[in-house]
Amino acid sequence: MNILSLFVLIPLLMLLGLWISRSVNQVRGVIVCGSSALLLLAAWLTYTYVTVRQGGNTQEMLFTDSVSWYAPLNICYSVGVDGISVVMLLLSAIIVFTGTFASWKIQPMTKEYFLWFTLLSIGVFGFFISTDLFTMFMFYEVALIPMYLLIGVWGSGKKEYAAMKLTLMLMGGSAFLLMGILGIYYGSGATTMNLLELVKLHIPTEMQRIFFPMIFVGFGVLGALFPFHTWSPDGHASAPTAVSMLHAGVLMKLGGYGCFRIAMYLMPEGAAIWGDFFLVLTTISVVYGAFSAVVQTDLKYINAYSSVSHCGLVLFALLMMTRVSCTGAILQMLSHGLMTALFFALIGMIYGRTHTRDVRELNGLMKIMPFLAVGYVIAGLANLGLPGLSGFVAEMTVFVGSFQNADLFHRVCTIIATMSIVITAVYILRVVGKILYGTCKNPEHLKLTDATWDERFAVICLVVCVAGLGLAPYWVSNVISESVEPIISQIIP
Amino acid sequence: MDLATILHMQPEVMLSFIIIILLLGDLIIRQPNHRIFQFMAFGLLVVHIASNLTISDEVLFGGMYHSTPMASVVKTILTVGTLLVILQAGPWIRREDTRHKAGEFYLLTFSTLLGMYFMVSAGSFLMFYVGLELASIPMACLVAFDKYKHHSAEAGAKFIMSAMFSSGLMLYGLSLIYGTVGTMYFADIENALTGTPLQIMAMVFFFAGLGFKLSLVPFHMWTPDTYQGAPTPISAYLSVISKGAAAFALMNILLRVFGPMVEDWSLLLSVVIVVTITVANLFAILQSDLKRFMAYSSISQAGYIMLAVLAGDEQGMASLVYYIVVYIVANLAVFGVITNVEQHTGGLVDREAYNGLYKTNPRLTLVMTLALFSLAGIPPFAGFFSKFFVFASAFHQGYYLVVFLALVNTIISLYYYLLIVKAMYITPNDSPVPTFKSGPLSTVCLTVCVAGIVMLGLCSGVYELLQHVANL
């Protein structure tokens, strides 16, 4: 059996284990074993991948396998990974692992919570290993629907409204996506749904003109493309901690990944036709998200709008269509995934103690819960792009790459988008100063305790990853840029 | 005509014998006991299914009867669906006021099934019409089965009125066809059609008549009232088996008879599909009675089924039958849960009654959730695959806009299916439906349905078989 199928098989076994477990401890046992196994598997896969590549293997995808599924429609279960999917799998495994610890004490219905959580992770892992359009689309939808119950049942605030809005908007995106997939399949007259085979065929330009925007918008909804981002603040603010982490950390990356791997890879002419239009939208996302974050007072809303801005930067960099900027886009996905997960984890932990996320009601937390506060500072600094942390590496690559596109229009967009760095610094430093420093005015807050062991563990894991990516970006960057090469050479010959 | 010819119609003959046995049983058994009939009906139907698993191609009586390979598969599917309905109907038929009529219930159900057999394997409009009436008239009796209840009697009256009206429309269309081409046989009509305005009118009348059976908008008015008033198992039967047979028959006839006029009916059908799906979805949002809700849901599902008819090729045929199979298991699961809750709460079918159901009846809630997800087309459940294949087949023939509008509508449908999921899991309720245990037969039925919902999509065998049969 193919090694990649384990990424789907392990969560399936976890589902089974959760189904038969009777007590909370058994549930925790199953979920910890499963997510650790996934993390080890992802680490092992990364190591093997790098070794094989260094051994001189230059195939586009490694560990490929294909099993015929629906023969009349040429649907196969095909898997394969390149550098981009490998780092995405690693990211997902890290977030699922830390998310488990961040939701250690979830109440009520612990078992059901983890059942849906695991189903969500099946979708995420399945999407990243697939190379077949149909299977990708299927896993994409599998990842979306558990969100409804996860937010609706375990969320807070306007949870029912947020859950419904999020589900319907993302499913709306997937309706566009399905149109696009059918368009690619029937438009190219292909006898396969495999990406690697489809790319060798030429899809008529007229078809690309119609179906490129469909796929780009379909994935763009998930990647918080303006004006389809409105599900994101409400959804993230209402979701329970681990779900926010997984959703902002991994699920939103499905959007960028899909735009790159399906829309731009298969329909380069469509990308050339529509690139400028979408570039304007993504520039708006980047700046608008940052400005919105400045005026928010709810910690989760701030981070959600910040995610809109940073995920907008991913799509922005992809549309700049240079080798460096696309590498930067993937690095930004990785970096944003890690730091936003760290942010949401910390916000969840603070909220669990103070029962408020309102910036105006929080003061001087540094003295009360130093561990969480330090974590928050690190996450904030990563977010605004301090050298030595992951944000700097990613944003630097993105903007350097974008500036390489010498076209005047692209230059102007780059300059506008670069301004978001300053705005980011405004909202991050404002919040950090306001809630962590100063004197605590609320006597209730003085009695609160610092992080417990499971919380510390989750935070440390993420901080190590954020710092690791910031200090030693070369190997990740190399793995990514090698794999970006075949895709980008489709787009700019 | 000799005996051997009749024996070629094995499914029909056998089902007729089953009906006669049940009729005699009803006459002979002095103290009618619902268990005996349940056992008889169930056993006979299982034997019937087992002995008719062959895929045959028969043209009998000079073309009057033409059972294509796909028709024989459809008959088996309809019979299996009926078997599931009988399983769920157990608790209902066991009630004090209906148990003495158990024999009649099975008799009438099988008569409608026989009518559908003739509908799907007709080779002439005459045969088709006889089958249609045989499927409709006993159905009206079934709808009014709880005749002492005001709602049920009213539903029966509405059903028979609309059935008669649609038959009238259809007969008018058929008479125009006979007038222009001088024959009733499908094979001859196809060659004689020239697409004159009169023939187009005939086609429209015929389509309108069958549109009533399928409850396509604007011929859907009877559906919500009938589903709401009829006993729940009958609503289930009406929504899946009757609809499935009519959909297959419509595709069969549009392709085989009106094939030369494809330009005319594809435009008509496109408009009807979009209107049907949209209107039904918008109305479904407003419903709080679950049976009415399922009525609108089934109208919109009929619209999706029609997409496969629009495709009009082998791929469309396979997707249509596959969609029907998946729709049968998912819808019967929903109706099974509704029946159970209704029986154990003294008749509650309102959505509010389902608030907080998860706390008291988690298993039943899970069944309902999976079924609703399947109806909404969420993977990895079978409904996702059936919707995908239907869309793919229509897309393949170039109906981009219709597919797109239908896809947008899936989002609306997701909204109202999620409303029920929300009621069951999220909405708090101080006095939810008490915990109860459903009967063994109904448990078997729900288990089969859930297995179908999960496995039909993930295992590609069923679809590949249907595609193979469609290519024959």
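The structure this text deals with has already been given above.
Calculation rules
Residues numbered from 1 in each chain as written. Chains lettered and ligands numbered in written order. Predicted model: local features only at pLDDT ≥ 70, side-chain atom pairs only at ≥ 80, totals over all residues. Heavy atoms only, no water. Helix = DSSP H or I, 4+ residues; strand = E, 2+ residues; numbered from the N terminus. Rg over C-alpha atoms; globule rule 2.2 N^0.38 Å. Buried < 20%, exposed > 50% of the residue type's maximum accessible area, 1.4 Å probe, protein only. Contact = heavy atoms within 4.5 Å. Areas by Shrake-Rupley, 256 points an atom, 1.4 Å probe, with all protein chains shown as cover. Pairing = 2+ DSSP bridges. Salt bridge = Lys/Arg side-chain N within 4 Å of Asp/Glu carboxyl O. Core = buried A, V, L, I, M, F, W, Y, C linked by side-chain atoms within 4.5 Å. Buried area = accessible area lost by both parts, 1.4 Å probe. Polar contact = N/O pair within 3.5 Å; in protein donor to acceptor, adjacent residues only side chain to side chain.

**Details of the overall build of chain A**
Along the backbone of chain A there are 22 helices and 2 strands. The C-alpha radius of gyration computed for chain A amounts to 21 Å, which stays within 12% of the reference 23 Å derived for 493 residues, consistent with globular compactness. Across its three principal axes, chain A shows a C-alpha extent of roughly 70 × 60 × 45 Å. Taking all 493 residues of chain A together, the buried fraction comes to 67%. Nonlocal contacts in chain A, meaning residues at least 24 apart in sequence, comprise 82% of its contacts between residues at least 6 apart. Total accessible area on chain A stands at roughly 15800 Å², and carbon and sulfur atoms take up 68% of it.

**Let's talk about the pairing of strand β1 (residues 62-70) of chain A**
All names here are of chain A. Sheet analysis places β1 next to strand β2 (residues 75-81), joined by 6 bridges and oriented antiparallel. Within the sheet, the bridge partner assigned to Tyr 70 lies in β2 and is Ile 75. Taking the residues that link successive antiparallel strands as the turn, the β1-β2 hairpin has 4 residues, and the phi of Asn 74 there is positive, at about 60 degrees.

**What about the pattern of salt bridges?**
For the structure shown, the criterion picks out 15 salt bridges over all chains. Measuring nitrogen to oxygen at the nearest pair gives 3.4 Å for the salt bridge that ties Glu 160 of chain A to Lys 422 of chain B. With Glu 160 of chain A in helix α7 (residues 159-187) and Lys 422 of chain B in helix α18 (residues 400-425), this pair bridges two chains. For the salt bridge of Glu 154 of chain B with Lys 158 of chain B, the shortest nitrogen-to-oxygen distance reads 2.8 Å. In this pair, Glu 154 of chain B and Lys 158 of chain B both sit in helix α7 (residues 150-181), 4 residues apart, roughly one turn of the helix. Classification of Lys 158 of chain B as partly exposed rests on a relative accessible area of 27%. Through salt bridges with shared partners, a single ionic network connects Glu 154, Lys 158, Asp 225 and Arg 292 of chain B.

**Re the nonpolar core**
By size, the foremost hydrophobic cluster in this structure holds 389 residues, and its most contacted members are Tyr 376 of chain A together with Phe 125, Phe 128 and Phe 258 of chain B. Among the elements that take part in this core, helix α14 (residues 314-345) of chain B stands out by supplying 20 residues, more than any other. If you look at the next biggest cluster of nonpolar residues, it comprises 5 residues, including Phe 97, Phe 101, Trp 104 and Ala 458 of chain A.

**Notes on the interface of chain A and chain B**
With 37 residues of chain A at the interface, the matching set in chain B holds 38 residues. Both sides together, the interface formed by chain A and chain B hides about 3500 Å², and carbon and sulfur atoms give 84% of it. Taken as a group, Tyr 70, Met 179 and Tyr 186 of chain A account for 17% of the area that chain A buries against chain B, more than any other trio of residues on that side. Put simply, chain A and chain B have 1 salt bridge between them. Between the two partners, chain A and chain B, sit 7 residue pairs in polar contact (both at pLDDT 80 or more).

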